[in-house]
Amino acid sequence: MHRDVAYLTRKLGRWHPDTRLAHVQVSRWLGGEGRHDEVLRRAVAEVADRKAEFGADDSETLRSRVSLISALRGVGDLDGAVAEARILVADCTRVLGFEHADTRMSRAGLARCLAENGEPAEAVRLLRALYTESGASGSKRPADHRTMRDGLIRVLEMKGDFREALDLLDEEITDELGTVYGVDEFSGDYKIKDLREWRKRLTVKAASG
């Protein structure tokens with residue numbers, strides 16, 4: 001794979017989508033092998049290279065920092081991940097605007113880092129705000145609304161608010177049942193089955209809590 005990356009870089013350039021995809025795949029494999037230090041090193045290098053070539057405020061440079069945050073989480077540096085996520089939210093808001101999709105995803109990423117770092121209350125606050133905002137957009141951002149709901153359910157579960165998590169999960173199940181594709185037997189994607197299994201686990205936690 002490293003040889004493929006080198007070949008694609010020569011033929012297509014460092015930032016071509018196919019070259020980038022190959023880099024992402026290498027990092028995924030390294031992470032799967034537990035080589036998180038290497039993943040972090042690659043992420044740090046990519047951010048530095050993008051800043052040098054395109055500037056710190058370039059939209060793709062900002063996106064590359066998401067991988068850096070993920071790599072920090074991978075090595076267990078949750079304090080570092082939270083700090084970097086906060087800076088990224090501020091930079092995205094300044095450069096792209098508060099309503100931009102990348103800004104919203106950076107805020108959701110910060111919430112995920114906070115939850116993992118033992119700060120679920122602030123994570124819930126952030127995700128509730130994002131969920132409310134996406135809901136107010138109506139049909140403009142249905143997928144975004146469901147993404148924020150999924151994140152909110154997860155941090156509510158981490159926080160121990162199982163009843164609220166169940167109520168939101170029921171909404172997600174209803175929306176999933178209303179999709180035109182339903183269960184895709186050919187791809188093996190049984191999302192509704194996974195959601196129902198999740199609901200069973202939450203129900204047990206709610207009853208025991």
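On a predicted model such as this, the values are computed, not experimentally measured, just so you know. (Residues numbered from 1 in each chain as written. Predicted model: local features only at pLDDT ≥ 70, side-chain atom pairs only at ≥ 80, totals over all residues. Heavy atoms only, no water.)

Time to look at the packing of aromatic side chains. The tally for this structure, following the rule as stated, stands at one aromatic pair. When the ring of Trp15 is compared with that of Phe54, the centres are 5.9 Å apart and the planes differ by 65 degrees; the resulting orientation is edge-to-face. Linking Trp15 in the loop between helix H1 (2–12) and helix H2 (17–32) with Phe54 in helix H3 (residues 36–54), this pair joins segments that are 39 residues apart in sequence. Owing to a relative accessible area of 39%, Phe54 belongs among the partly exposed residues under this scheme. Positioned above the aromatic ring of Trp15, the side-chain terminus of Arg14 is 4.3 Å from the ring centre. In this structure, Arg154 packs its charged tip against the face of Trp198, placed 4.4 Å from the ring centre. (Phe/Tyr/Trp six-rings, centres within 6.5 Å; stacked < 30°, edge-to-face > 60°. Helix = DSSP H or I, 4+ residues; strand = E, 2+ residues; numbered from the N terminus. Buried < 20%, exposed > 50% of the residue type's maximum accessible area, 1.4 Å probe, protein only. Lys NZ or Arg CZ within 6 Å of the ring centre and 35° of its normal.)

Turning our eyes to something else, we now look at the pattern of salt bridges. Using the criterion set out here, one finds 28 salt bridges in the structure. Between Glu38 and Arg35 there is a salt bridge whose closest N-O contact spans 2.6 Å. Using a relative accessible area of 26% as the deciding quantity, one classes Glu38 as partly exposed. Looking at Arg35, the relative accessible area reads 36%, which means it is partly exposed. If you follow the salt bridges from partner to partner, you end up with Arg146, Arg149, Glu171, Glu172, Asp175, Glu176 and Lys191 in one network. (Salt bridge = Lys/Arg side-chain N within 4 Å of Asp/Glu carboxyl O.)

Here we come to the layout of surface pockets. Looking at the largest pocket, its volume works out to about 480 Å³. For the largest pocket, the lining is made up of 25 residues, of which Met105, Ala108, Gly109, Leu110 and Arg112 are closest to its centre. Counting residues per element, the ones that place at least two in the lining of the largest pocket are helix H4 (59–74), helix H5 (78–96), helix H6 (101–116) and helix H8 (142–159). Looking at which element gives the most residues to the lining of the largest pocket, the answer is H6, with nine residues. In terms of residue class, the lining of the largest pocket is built from 13 nonpolar, five polar and seven charged. Reported here for the second largest pocket is a volume of approximately 340 Å³. Lining the second largest pocket are 18 residues, with Ser27, Val39, Arg42, Ala43 and Ser67 positioned closest to its centre. Contributing elements (two or more residues each) for the lining of the second largest pocket: H2, H3 and H4. Ranked by the residues each element gives to the lining of the second largest pocket, the list is headed by H3, at seven residues. The class makeup of the residues in the lining of the second largest pocket is five nonpolar, seven polar and six charged. (1 Å grid on protein atoms, 1.4 Å probe; cavity = no way out; pocket = protein on both sides within 12 Å on 5 of 7 lines; lining within 4 Å. Points joined across faces, edges and corners; volume = space filled by probe spheres on them. Nonpolar A, V, L, I, M, F, W, Y, C, P; charged D, E, K, R; others polar.)

On to the confidence of the model for the chain. When pLDDT is averaged along the chain, the result is 91, and 93% of the positions lie at 70 or above. At the low end of the mean pLDDT range in the chain sits H1, at 90; at the high end sits H5, at 98. (pLDDT = per-residue confidence, 0-100.)

In this section: the packing of helix H7 (residues 120–136) against H8. Helix packing geometry: the angle between the two helix axes and the distance between the axes. Running from N to C, H7 and H8 point in directions that differ by 160 degrees, and their axes come no closer than 9 Å. With respect to H8, the axis of H7 lies roughly antiparallel. Where H7 crosses over H8, the handedness of that crossing is left-handed. From H7, Pro120, Ala121, Ala123, Val124, Leu127, Arg128, Leu130, Tyr131, Ser134 and Gly135 reach across to H8, where they touch Asp144, His145, Met148, Arg149, Gly151, Leu152, Val155, Leu156 and Lys159. Here the contact of H7 with H8 is built from residues that sort into eleven nonpolar, four polar and four charged. (Axes fitted to C-alpha atoms, helices over the stretch in contact; angles between N-to-C directions. Parallel < 35°, antiparallel > 145°, perpendicular 65-115°, else oblique. Left-handed = near helix turned anticlockwise from the far one by under 90°. Contact = heavy atoms within 4.5 Å.)

Taking 1.5 Å as the rise per residue, helix H9 (residues 162–177) with 16 residues should run 22 Å; its terminal C-alpha atoms sit 22 Å apart, in good agreement. For H9, every residue scored as buried is listed here: Phe162, Ala165, Leu166, Leu168, Leu169, Glu172, Ile173 and Glu176. (Expected span 1.5 Å × (residues − 1).)

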